[in-house]
Amino acid sequence: MSGANNLESAVAEMMMLCCACCGIVEGDDIKLKTCNACKSARYCSITCQKQHRSQHKRECKKRAAELHDELLFKQPESTHYGDCPICCLPLLLDEHKSLMSPCCSKRICNGCVHGNQMREAAESSEPKYKCPFCRHPAPKTQEQAKMIMMKRVAASDPVAMCQMGSVRFNEGDHDTAFEYWTKATGLGDVGAHFNLSLLYRKGLGVEKDKKKEVYHLERAAIGGDHVARNHLAFAEWENGRQERAIKHWIIAATLGEDNAVKCLRERYAVGLVCKEDFAAALRAYQAAVDATKSPQREAVAKAEATGGLFMM
């Protein structure tokens with residue numbers, strides 16, 4: 001069986017050296033272009049590609065779907081939040097457990113923010129709180145924060161563009177929010193993809209478009225957005241594709257998503273998730289949660305619970 005697979009692989013590699021239509025071999029004077037959809041056929045010209053389309057169409061769609069799923073169901077290394085740039089620990093999924101600095105567009109965990117405030121308070125009786133990362137003075141008003149953020153936007157910072165899009169959205173300016181989020185996605189911001197999916201789902205600033213909604217949800221999920229992954233899971237479940245939905249929830253659970261674990265537990269209870277998959281998801285979930293813990297963050301959580309915490 002292994003020998004047969006090796007032979008097929010060798011044949012496939014040789015086929016990629018020549019035009020799938022006319023058979024001409026690639027050389028110094030002949031450059032072949034790969035099919036953008038399936039990546040499994042090459043052509044010497046547009047004419048050959050068009051002539052071969054009827055023969056290639058079915059296999060192309062099949063392989064393109066396989067490549068799409070390989071990318072979609074690949075476990076992200078981390079959430080789209082990434083790590084705190086100061087303590088280098090994964091950021092918690094709860095946005096309230098970290099602070100976005102408008103001056104440098106860095107998301108910093110509350111433990112490091114609080115630690116910075118404590119240090120500055122100890123050094124001066126009248127501390128002038130600064131960004132824990134870039135040391136820029138903290139804005140005193142929302143207007144100052146917007147002005148600082150706009151400087152980041154002018155510098156083509158995708159995170160700042162996404163944040164400014166959220167500001168405009170909350171103000172009811174959906175058209176401008178759409179423009180900012182579209183620019184941010186073009187620069188690689190994952191969160192902006194999820195925000196655009198909401199616009200297309202609700203028809204805010206754009207016409208409702210299910211295909212575009214799903215496209216942006218998938219791009220966000222691939223980038224590590226756990227909420228987008230949950231949305232995809234529920235959509236697949238409602239469409240009767242239970243196996244795909246469970247895959248999404250397992251990936252989300254591995255990122256530390258509570259709701260995904262809840263969904264898996266409910267389906268495990270009725271026999272729709274096997275014991276091995278559920279146990280593996282629980283272990284991965286716990287490992288992701290444990291990775292976010294630190295003494296500083298736990299101290300902040302305790303102070304928050306007693307109401308004795310000040311955060312800039």
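This report concerns the structure included in the present document. This structure is a prediction, so every number in the text was calculated from the model and none was measured.

**Description of the nonpolar core**
In this structure, Val 153, Cys 162, Met 164, Trp 181, Ala 184, Ala 192 and Leu 199 are the most contacted members of the largest nonpolar core, which totals 15 residues. Secondary-structure elements contributing two or more residues to this core are α5 (142-154), α6 (158-170), α7 (174-186) and α8 (190-202). If you look at the next biggest cluster of nonpolar residues, it comprises 14 residues, including Val 261, Cys 263, Val 273 and Ala 281.

**Section: the packing of aromatic side chains**
Using the criterion set out here, one finds 5 aromatic pairs in the structure. With a centroid separation of 5.7 Å and an interplanar angle of 35°, the aromatic rings of Phe 169 and Trp 181 are classed as tilted. Linking Phe 169 in helix α6 with Trp 181 in helix α7, this pair joins segments that are 12 residues apart in sequence. Looking at Phe 169, the relative accessible area reads 27%, which means it is partly exposed. Here Trp 237 and Trp 249 contribute two aromatic rings whose centre-to-centre distance is 5.7 Å and whose plane-to-plane angle is 50°, an arrangement assigned as tilted. Taken together, the residues Trp 237 in helix α10 (residues 226-238) and Trp 249 in helix α11 (residues 242-254) connect sequence positions 12 residues apart. Among the aromatic residues, those joined into a cluster by ring pairs are Phe 234, Trp 237 and Trp 249. Geometry around Phe 73 places Lys 247 over its ring, the cationic atom sitting 5.2 Å from the centre. Taking NZ or CZ as reference, Arg 267 lies 4.3 Å from the ring centre of Trp 237, over its face.

**Things to note about α7**
Taking 1.5 Å as the rise per residue, α7 with 13 residues should run 18 Å; its terminal C-alpha atoms sit 18 Å apart, in good agreement. Taken residue by residue, α7 has Ala 177, Tyr 180, Trp 181, Ala 184 and Thr 185 as its buried positions. In a view along the axis of α7, the buried residues occupy a sector of 135°, so they form one face of it. Relative to its buried face, α7 has exposed residues pointing more than 90 degrees away, namely Lys 183 and Gly 186. With its phi angle positive at about 100°, Gly 188 sits one or two positions after the end of α7.

**A short note on the pattern of salt bridges**
Within this structure, the stated rule accounts for 17 salt bridges. Residue Glu 266 is joined to Arg 267 by a salt bridge in which the shortest nitrogen-to-oxygen separation is 3.5 Å. On the basis of relative accessible area, Glu 266 is assigned to the partly exposed category, the value being 42%. If you follow the salt bridges from partner to partner, you end up with Asp 69, Glu 236, Arg 241 and Arg 244 in one network.

**Considering the side chain of Ser 101**
Along the chain, Ser 101 turns up in strand β3 (residues 98-101). On the accessibility criterion, Ser 101 (4% relative accessible area) is buried. For Ser 101, the residues in contact, after removing those within four places along its chain, are Lys 106, Ile 108 and Cys 131.

**Points about α11**
Under the 1.5 Å per step criterion, the end-to-end length of α11 is 18 Å for 13 residues, consistent within 8% with the ideal 18 Å. Where α11 is buried, its residues touch α3 (53-72), α10, α12 (258-269) and α13 (275-291). Gly 256 sits one or two positions beyond α11 and adopts a positive phi of about 100°.

**Overview of unusual backbone geometry**
Even without glycine at this site, Ser 105 takes up a positive phi of about 60°. Within the secondary structure, Ser 105 sits in the loop between β3 and β4 (106-109).

**Considerations on the state of the cysteines**
In total, this model carries 0 disulfides according to the counting rule given. The closest cysteine sulfur to the non-disulfide-bonded Cys 18 is located on Cys 19, 7.6 Å from its own sulfur. Judged by its relative accessible area of 14%, Cys 18 falls in the buried class. You can see Cys 103 has no disulfide; the closest cysteine sulfur is in Cys 134, sitting 3.4 Å from it. On the basis of relative accessible area, Cys 103 is assigned to the buried category, the value being 14%.

Each value, and the rule that gives it
Residues numbered from 1 in each chain as written. Predicted model: local features only at pLDDT ≥ 70, side-chain atom pairs only at ≥ 80, totals over all residues. Heavy atoms only, no water. Core = buried A, V, L, I, M, F, W, Y, C linked by side-chain atoms within 4.5 Å. Buried < 20%, exposed > 50% of the residue type's maximum accessible area, 1.4 Å probe, protein only. Helix = DSSP H or I, 4+ residues; strand = E, 2+ residues; numbered from the N terminus. Phe/Tyr/Trp six-rings, centres within 6.5 Å; stacked < 30°, edge-to-face > 60°. Lys NZ or Arg CZ within 6 Å of the ring centre and 35° of its normal. Expected span 1.5 Å × (residues − 1). Arc of directions from axis to C-beta. Salt bridge = Lys/Arg side-chain N within 4 Å of Asp/Glu carboxyl O. Contact = heavy atoms within 4.5 Å. Disulfide = S-S within 2.5 Å.

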